[in-house]
Every structure is written in C-alpha cells, then in structure tokens.
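# Structure at a glance
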Amino acid sequence: MRIAAEFRLAVHPISTGNNWGYGSALPTSDCVTLIDLGALQAILDFDPELGVVTVEPGVTQGMLADFLDRGGHDYMVPVTGAGPNCSVLANALERGYGITPHADHFSAVTDLEAVLADGSIHRSALAEAGSPELARLFKWGIGPYFTGLFSQSGFGIVTKMSIVLVRRPQCAKVCLFSLADDKLLEAAVQRVRRLLVELPGTLGGVNLMNRHRVLAMTAPYPDASQLDAHGLMPPDLVEQLGRAYQIAPWTGFATLYGRRSVVAAAQKEIRRAFKGVGSRLLFLSPRQAGWLTALARRLPGGMGERLGRSATTLNSSLELVQGRPNETALPLAYWRARLPQPAAGRNPAADGCGLLWYAPLIPMRPADVRRFVNFARHELPRLGMEPLITLTSQGDRLFDSTVPLLFDKRDSTASTAASTGLEHLIEAGRRLGFYPYRLHVQSQAAHLARQTENASVASRLRQALDPLDLIAPGRYAGRHPQDR
Ligand SMILES: Cc1cc2nc3c(=O)[nH]c(=O)nc-3n(C[C@H](O)[C@H](O)[C@H](O)COP(=O)(O)OP(=O)(O)OC[C@H]3O[C@@H](n4cnc5c(N)ncnc54)[C@H](O)[C@@H]3O)c2cc1C
C-alpha cells in the first residue's frame, strides 16, 4: 500500500476472487490494480476447546474443512452454496450467509487485522490493550466497534480474521415440506415465523423455494423447442415438469440442530404448526438421506433416474447442513445456458456462466412476501428471465431472497438485458420497499447515487483513512463526487 500511495495507484483486494454473480474478481471502477491475496493460506490459530479459528484471506471452506477433519475437531465450516474453493474470510467480509447455525457469517467474526491505505496496520483495541486471545473471543472488543467498518467497504485490506465456529451437534436434520397450492404461501410464512420465534437455536433457518427454483436443481433446462416465443419455460411446461419430478408450487427446506431429544421435540412442534398448510412433511438425518439415495438408484427407468437425481441433491445438501462444503448448489449457474460443467472444481466465471444475483431483503410478513413474489413473477419474465425464487430466513423478522438472473453469456443481447434487468429490479423493488443486502459491482454507482447523508459520513471517514481514494474506490462507501 505504501508503493500504491507513492504512485497513486488504486487497488482492489480479492481473497479467492470467486464473488460469482456479484462481479467475481472484478473491481468497481476501471484502472485499478488487483491485489490477489489468495496465496495467503495460513490457518494462524485454532483453539480446539473454545472453537475459534484465525485465518488468512486465501483459506477456503475446503481447506478449513480438511484442517478440522485432520485434527479430529468436530466443528462446522461456515459453508455457502458457492462451494469449497471460496474464501472463508472474504465471504464473511461481504456479509455472505449460509445454512449452518451461524448463518450470518459476519456475525461470527470476532476480530480482524487490516492494512490501511497508508500501509499502516489496524489492530483491534482489545488485541492491543488486553490480549489477542480476548480479542478472538469477544467480538465487541472495547471502545468504538471498528471491525464492522471493514465489511462491505474499502476502508482497509483485511489480512487476518478470527471466526467463532459452531460445534457439530449430536443431531442435525433437515425438514422438507411442500405447499400443494401457491395460495398457502401466506399461511406458511406465518407458521415459519412463529416456529423461528419459538424454536430459536434448534430451528436453524428456513428456505422457501418456488417450483421453478427447485426444477433448476433437479431437471435439465428444457430444449429450445419447448420454450415460448421469449425463450422461457411456459407455465404448462413448468406444471408438467413439476408433476414428473414431484415438485409442488413451493418447497420448504429447514435445518434442525441440537441434542437428539430436543430435535425430536422440535419435530413434533413443526408437524403441529404445519398441519393443514404443509404437506409431505419429512425429517431426514444424513444417514436416512444416504439410504434414500441408494434406494432411488435401484428404482428402474425414468422414475428411478428422476428420484435418484433429487435424492443425490438432498444427500449433498445434508452434507452442507453439517458444515461440510461441497458444490451441490453450483450447477444452478450452468442450468439455463445448458453449459457443460466439470464433475468438480466448478468455476462459473471461468466456465462462462451468465449469472447476476438480485438479493433483496423482505420483511417476514405474509403480505410483504406475497407482494414480493408477485413483483418477481411479473417482472422477471418481462426481462427475459426465469422467475427462480428462494426466500431464506435471516432470523425471525426477515427473509432474504436470492433471485439468480441466468443467461447465456455468449449472447451479447442477453448479457446486456440481464445487466439492465438487474438495475431495473433493484430500482423497482426499492420503490416497493425491497432493497438488496449486497450488490454486484455494476450496481455500486447507482447505489451511491441514492445516498446523501450516508455518503457524507462515508466520505469523511474515507478522507481520514484513505484520502487518495486508493482501496476499492466506488465500492459501497465511495467518496462523494464533490469531495474528490
Ligand atoms: C450457485 C452459487 C451459489 C452461491 N451461494 C452463496 C451463498 O450461499 N452465500 C453467499 O454468501 N454467497 C454465495 N454465492 C456468491 C459468492 O460466490 C460467494 O459469496 C463467494 O464466497 C464470494 O467469493 P470469494 O469468497 O472468493 O470472495 P472474493 O471474491 O475474494 O471477495 C469478494 C469481495 O470482498 C472484498 N474483499 C475480499 N477480500 C478482501 C480483503 N482481504 N480485504 C478487503 N476486502 C476484501 C473485495 O471487494 C472482493 O471483491 C454463490 C454463488 C453461486 C454462483
């Protein structure tokens, strides 16, 4: 950073550069030098008793999983759908989320160290005044909470981070359920919220996925001959595939963690709560999912093949639920363009996948969820996109929806349409009260243009910490144009 300051070179730090769907390794502005921290792969500290790990930027989910396995440490990796080759540190810094009990990955961060724009090092007050160990154990430290300044910002380059890990519980299960009719969505949202309030800690999180989204995980994208004039799946085809693959209008996927007896009691509560709303309610442990896969493989013909595919996806989802990273979610990026994909080591950016995430927050109220679903169903096809909707609980008051805009990157018209479509969704959604928790690099400028007071604070902080605007300029907290 001292060299960058001398030559006034703006830089953009990446850890593994796999920020797929949000810009991958791309910086927000042009003429920026990438600082690739991927080779910093040390696990600097691990406390097996208290479960705190300190990692460098290049430590991936896969590396952390191997480290924990090798040492026989029964802790979960904070996994995401992005798979084993993504940085644990960068995902937390981006405030990514997953499905293990610490779903909100930045909330598990206790301490970090960063290089500032002038080359000096930021260490937390507790690390300096108390002890580095206390800093690793107590996220709030003492005095102003600076750690948060470094997430979704360019206020520094984070070189190490401490994260508290969750011990693998005695029992981890998933609960699957279907909503046989779209009209049951409101009632399901109400029940989900109640269960999240009543079973904190045991019920990890709940995902609701529409039929389109589940099809994208289970069935190949149909041939061009089956698509409508806009190149999209017509509703009757979606229904027909739903019947063939046994996929209801909505599918719920919830995680349960705890002692066996507690999980068993929670199962009863869940059954009771979903009476008359959820059908085909099923609780599965990893072992049961394994049996199901083996069984489905033995079924003859098309039925066996279809069920086998669903069971395999389910089996690997259960691995994820236990904090073991895998690539089970990545094929989604290849789905619409029907791109060939490797059996492992998938890299949607390098493999040419067209994907932009629209990830708005939605209050967990039935009416708000319905408004959002209607909005997404109406707008996405108009933008030439399949309406693939997932709602993931973020605590008991909010969902985040991750809507992938999938397109064929080889088709320049489709690529431009996807880019303008994303900006349209963010702006139109904003007017309805929905705004993303995280943005693609292309959306940063429009986001900054929506800020005044906030931008002014960011600008003053920037002036103090990075007066030459060197680190990740224009990203989330850019300098106000008038201060440049
Ligand atoms: C199918 C699919 C499923 C996905 N599922 C999920 C999911 O479940 N949850 C989720 O959160 N994401 C998901 N993603 C999105 C994304 O791929 C992941 O979030 C991924 O972890 C981000 O890439 P990375 O870890 O390599 O971060 P990087 O690309 O290395 O970093 C991301 C950004 O963070 C900043 N940054 C990185 N390192 C530093 C540093 N050391 N100091 C300062 N700033 C830094 C930079 O601005 C950088 O551009 C998914 C993507 C796909 C395609």
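The chain goes by FAD/FMN-containing dehydrogenase in an unreviewed UniProt entry, where it is assigned to Pelomonas aquatica. Heading Sequence similarities (unreviewed entry) of the UniProt record for the chain holds this comment: "Belongs to the FAD-binding oxidoreductase/transferase type 4 family."

A few words on the overall build of the chain. Check the secondary structure of the chain and you find 16 helices and 17 strands. Since a compact globule built from 484 residues should have a radius of gyration of about 23 Å, the 23 Å found for the chain is in line with a globular shape. Based on the C-alpha atoms only, the size of the chain along its principal axes is roughly 65 × 55 × 40 Å. When the 484 residues of the chain are sorted by exposure, 54% land in the buried category. Taking the intrachain contacts of the chain between residues at least 6 apart in sequence as the baseline, contacts between residues at least 24 apart amount to 70%. For the chain, the exposed surface amounts to about 21400 Å²; the carbon and sulfur share of it is 55%. Averaged over its 51 positive side-chain charges, the chain has a centre that lies 7 Å from the centre of its 43 negative ones.

Attention shifts here to the sheet that holds strand 9 (residues 203-210). Across the sheet, eight strands lie side by side as 11-8-10-9-14-15-13-17; this open sheet has antiparallel pairing. A strand with exactly one partner marks an edge of an open sheet, and here the two such strands are strand 11 (279-284) and strand 17 (435-436). Relative to strand 15 (residues 398-401), strand 14 (residues 390-393) is paired through three bridges, and the arrangement is antiparallel. Its bridge partner being in strand 15, Ser393 is matched across the sheet by Phe399. Packed on one face of the sheet, helix 13 (residues 366-382) meets strand 10 (250-258), strand 13 (360-363), strand 14 and strand 15 and runs near 145° to strand 13.

Before going further, it helps to spend a moment on the layout of surface pockets. By volume, the second largest pocket is sized at about 550 Å³. Along its surface, the second largest pocket is lined by 28 residues, and Arg95, Ser151, Gln152, Tyr437 and Tyr476 are the ones closest to its centre. Of all the elements in the fold, those that place two or more residues in the lining of the second largest pocket are strand 17 and helix 16 (453-465). With four residues, helix 16 is the largest single contributor of residues to the lining of the second largest pocket. Split into classes, the residues belonging to the lining of the second largest pocket amount to 14 nonpolar, ten polar and four charged. When residues of the lining of the second largest pocket are assigned to domains, at least three map to each of domain 1 (2-164) and domain 2 (171-436).

The rules we used
Residues numbered from 1 in each chain as written. Predicted model: local features only at pLDDT ≥ 70, side-chain atom pairs only at ≥ 80, totals over all residues. Heavy atoms only, no water. UniProt positions renumbered as here; feature names shortened; annotations may be inferred. Helix = DSSP H or I, 4+ residues; strand = E, 2+ residues; numbered from the N terminus. Rg over C-alpha atoms; globule rule 2.2 N^0.38 Å. Buried < 20%, exposed > 50% of the residue type's maximum accessible area, 1.4 Å probe, protein only. Contact = heavy atoms within 4.5 Å. Areas by Shrake-Rupley, 256 points an atom, 1.4 Å probe, with all protein chains shown as cover. Lys, Arg positive; Asp, Glu negative; His and termini not counted. Charge placed at Lys NZ, Arg CZ, Asp CG, Glu CD. Pairing = 2+ DSSP bridges. Axes fitted to C-alpha atoms, helices over the stretch in contact; angles between N-to-C directions. 1 Å grid on protein atoms, 1.4 Å probe; cavity = no way out; pocket = protein on both sides within 12 Å on 5 of 7 lines; lining within 4 Å. Points joined across faces, edges and corners; volume = space filled by probe spheres on them. Nonpolar A, V, L, I, M, F, W, Y, C, P; charged D, E, K, R; others polar. Domains from an automatic or database assignment.

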